[in-house]
Amino acid sequence: GAARVFGERGYGSTSVEAILEAAHVSRRTFYRTFRSKEDVLRTLFDRSVQRLLRAVREQADPTKDRQQLVVASVEAYLRVHANAGPLARVLLLEQFAPDSPLVVQRNRALSTFSKLLSSAAEGAGQPTPDPVLVAAVVAGINQVCVQMATEYPAGDWDIARAKRAILRILSALEEVS
């Protein structure tokens, strides 16, 4: 219920009362699980990151060559975002708000994705990429998702366009190595 309300109204315009109504739960039940709407937002963000990681990791297939793995992983990453619909837009945009309750989770998620990207490069026999470059690549990929969420708020992303942009960003890791 909270995911739907955040997706429809945005984070700032969503009240705990609206979440209670959408989720069909009592205030007492809500506060047994969550301290606030910020806590709900953090939980939704963490679940979203876990879905993204799972989707990318599921692409690990020893029968695929490196390029196939990269393309499949990028597509899986984008599809998870796009399938989240309006909630993806809220989570992507809210993580950058100056007073966002998602700052800690965002930094942890970006660090996790950076480590995943670095280990993928190392696993492909490439030298360990510069962590600053990896961080820039991850930030660029995240920005492509923010752009898609802004242009296509309903979740009907131009996956092919986003995939091309991300693959160009990823090529920076190979060019500099």
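Look above for the structure.
I will try to describe carefully the structure that is included in this document. (Residues numbered from 1 in each chain as written. Predicted model: local features only at pLDDT ≥ 70, side-chain atom pairs only at ≥ 80, totals over all residues. Heavy atoms only, no water.)

## Describing the overall build of the protein chain
At step 1: Counting its secondary structure elements, the protein chain contains nine helices and zero strands.
At step 2: Mapped from its N terminus to its C terminus, the protein chain presents α and β elements in the order α-α-α-α-α-α-α-α-α.
At step 3: For 177 residues, the compact-globule formula gives about 16 Å, and the C-alpha radius of gyration of the protein chain, at 18 Å, lands near that figure.
At step 4: Judged by the C-alpha coordinates and their principal axes, the protein chain covers about 55 × 30 × 30 Å.
At step 5: Counting contacts in the protein chain only where the partners sit at least 6 residues apart, residues at least 24 apart contribute 64% of the total.
At step 6: For the protein chain, the exposed surface amounts to about 9600 Å²; the carbon and sulfur share of it is 53%.
At step 7: Taken as two groups, the 23 positive and 19 negative side-chain charges of the protein chain have centres that lie 6 Å from each other. (Helix = DSSP H or I, 4+ residues; strand = E, 2+ residues; numbered from the N terminus. Rg over C-alpha atoms; globule rule 2.2 N^0.38 Å. Contact = heavy atoms within 4.5 Å. Areas by Shrake-Rupley, 256 points an atom, 1.4 Å probe, with all protein chains shown as cover. Lys, Arg positive; Asp, Glu negative; His and termini not counted. Charge placed at Lys NZ, Arg CZ, Asp CG, Glu CD.)

## Re helix α5 (residues 66-83)
At step 1: The end-to-end C-alpha distance of α5 is 26 Å, a good match for the 26 Å that 18 residues give at a rise of 1.5 Å each.
At step 2: Those residues of α5 lying buried are A72, S73, V74, A76, Y77, L78, H81 and A82. (Expected span 1.5 Å × (residues − 1). Buried < 20%, exposed > 50% of the residue type's maximum accessible area, 1.4 Å probe, protein only.)

## Description of the packing of aromatic side chains
At step 1: A full pass over the atoms with the stated rule returns four aromatic pairs.
At step 2: Ring geometry for F6 against Y11: centres 5.7 Å apart, planes inclined by 40°, an arrangement best described as tilted.
At step 3: The interplanar angle of 90° and the centroid separation of 5.5 Å between the aromatic rings of Y77 and F113 together place this pair among those described as edge-to-face. In this pair, Y77 is assigned in helix α5 and F113 in helix α7 (residues 103-123), connecting sequence segments 36 residues apart.
At step 4: Here F113 falls in the buried class, since its relative accessible area comes to 11%.
At step 5: Ring pairs connect the aromatic residues F30, Y31 and F34, which therefore count as one cluster.
At step 6: Sitting above the plane of the Y11 ring, K37 keeps its charged end 4.5 Å from the centroid. (Phe/Tyr/Trp six-rings, centres within 6.5 Å; stacked < 30°, edge-to-face > 60°. Lys NZ or Arg CZ within 6 Å of the ring centre and 35° of its normal.)

## Re the environment of Q50
At step 1: Relative to the helices and strands, Q50 is located in helix α4 (residues 37-57).
At step 2: Q50 gets classed as partly exposed once you look at its relative accessible area, which sits at 44%.
At step 3: In this structure, the C-alpha to C-alpha distance between Q50 and A109, residues 59 residues apart in sequence, is 9.1 Å.

## Topic: the packing of α4 against helix α6 (residues 86-94)
At step 1: It is the contact of α4 with α6, at a shortest axis distance of 11 Å, that shows an interaxial angle of 105°. Our classification of the angle between α4 and α6 gives roughly perpendicular. Contacts between α4 and α6 involve L41, L44, F45 and S48 from the former and L87, L91 and E94 from the latter.
At step 2: Classifying every residue of the contact of α4 with α6 gives five nonpolar, one polar and one charged. (Axes fitted to C-alpha atoms, helices over the stretch in contact; angles between N-to-C directions. Parallel < 35°, antiparallel > 145°, perpendicular 65-115°, else oblique. Nonpolar A, V, L, I, M, F, W, Y, C, P; charged D, E, K, R; others polar.)

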